[in-house]
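Each chain is listed here by its residues.
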Amino acid sequence: MNGELKRSILIFCLLLAFWASGAVVDTALWGHETYRTPDWLIKNLHLFWLVLNQFLLPLLVLLAIKPKFNTLILYLSAAFSGSVLWDLIYSVLTRGKLISDSLERWFTLDFLNLVIGVGEAQAIYFHILRILISISLFYWLYRRLKKPYSYQP
């Protein structure tokens with residue numbers, strides 16, 4: 001089997017997984033009168049939605065299309081900036097202001113009883129940190145791409 005066909009099959013499978021996880025989230029969010037959403041799904045919805053559907057699957061699709069280390073650096077740089085943008089938009093839509101306490105339950109792992117929260121006072125520092133990481137990663141990518149020809153995995 002040639003490389004192009006293998007890559008096409010991989011992308012196809014990853015996209016199916018992406019859409020399947022979207023169906024899980026859709027089911028959990030909207031529910032139906034004839035079907036009761038399982039408690040374990042409701043408690044761990046953020047794992048399905050944020051980790052799997054919004055982070056891991058797009059990364060895997062991107063790496064399947066262009067499996068290079070530079071692709072990973074680019075994705076991580078975009079992910080840090082994108083997470084700031086996501087939080088700012090969420091804050092405006094849910095609280096009516098750009099910086100708010102909308103991050104008070106930023107990430108939760110119920111099965112470990114772990115809650116990572118960021119209050120309004122810390123949110124600005126958290127946003128700045130993620131933007132700086134994003135800029136640093138992008139600068140690193142820029143330096144790798146501008147180097148004279150060398151082996152780049």
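Since the model is a prediction, treat every value here as computed from it, not as a measurement.

1. Overview of the overall build of the chain
A count of helices and strands for the chain gives 5 helices and 2 strands. Sequence-ordered secondary structure for the chain, helices as α and strands as β, is α-α-α-α-β-β-α. Within the span of the chain, comprising 153 residues, buried residues form 25% of the whole. On the chain, roughly 10,700 Å² of surface is accessible, and the fraction owed to carbon and sulfur atoms is 69%.

2. Thoughts on a nonpolar patch on the surface
On the surface, a nonpolar cluster with roughly 590 Å² of combined accessible area is contributed by Ile124, Tyr125, Ile128, Ile131, Leu132 and Ile135. Tracing the chain through its elements places tyrosine 125 in helix H5 (residues 120-146). Residue tyrosine 125 is classed as exposed on the basis of its relative accessible area of 61%.

3. What to know about the environment of serine 91
Position of serine 91 relative to the elements: it lies in helix H4 (residues 69-95). With 10 residues separating them along the chain, serine 91 and aspartate 101 place their C-alpha atoms 7.8 Å apart.

4. So, the packing of aromatic side chains
Enumeration over the complete set of coordinates arrives at 3 aromatic pairs. A centroid spacing of 5.6 Å and a plane angle of 75° characterise the contact between phenylalanine 69 and tryptophan 140, whose relative ring orientation is edge-to-face. One end of the pair, phenylalanine 69, is in helix H4; the other, tryptophan 140, is in helix H5, with 71 residues separating them in the sequence. Residue classification places phenylalanine 69 among the partly exposed residues on the basis of a relative accessible area of 32%. Exposure remark for tryptophan 140: the relative accessible area of 39% places this residue in the partly exposed category.

The rules we used
- Residues numbered from 1 in each chain as written.
- Predicted model: local features only at pLDDT ≥ 70, side-chain atom pairs only at ≥ 80, totals over all residues.
- Heavy atoms only, no water.
- Helix = DSSP H or I, 4+ residues; strand = E, 2+ residues; numbered from the N terminus.
- Buried < 20%, exposed > 50% of the residue type's maximum accessible area, 1.4 Å probe, protein only.
- Areas by Shrake-Rupley, 256 points an atom, 1.4 Å probe, with all protein chains shown as cover.
- Patch = residues over 30% accessible without salt bridge, like charges linked within 9 Å, V, L, I, M, F, W, Y side chains within 5 Å.
- Salt bridge = Lys/Arg side-chain N within 4 Å of Asp/Glu carboxyl O.
- Phe/Tyr/Trp six-rings, centres within 6.5 Å; stacked < 30°, edge-to-face > 60°.

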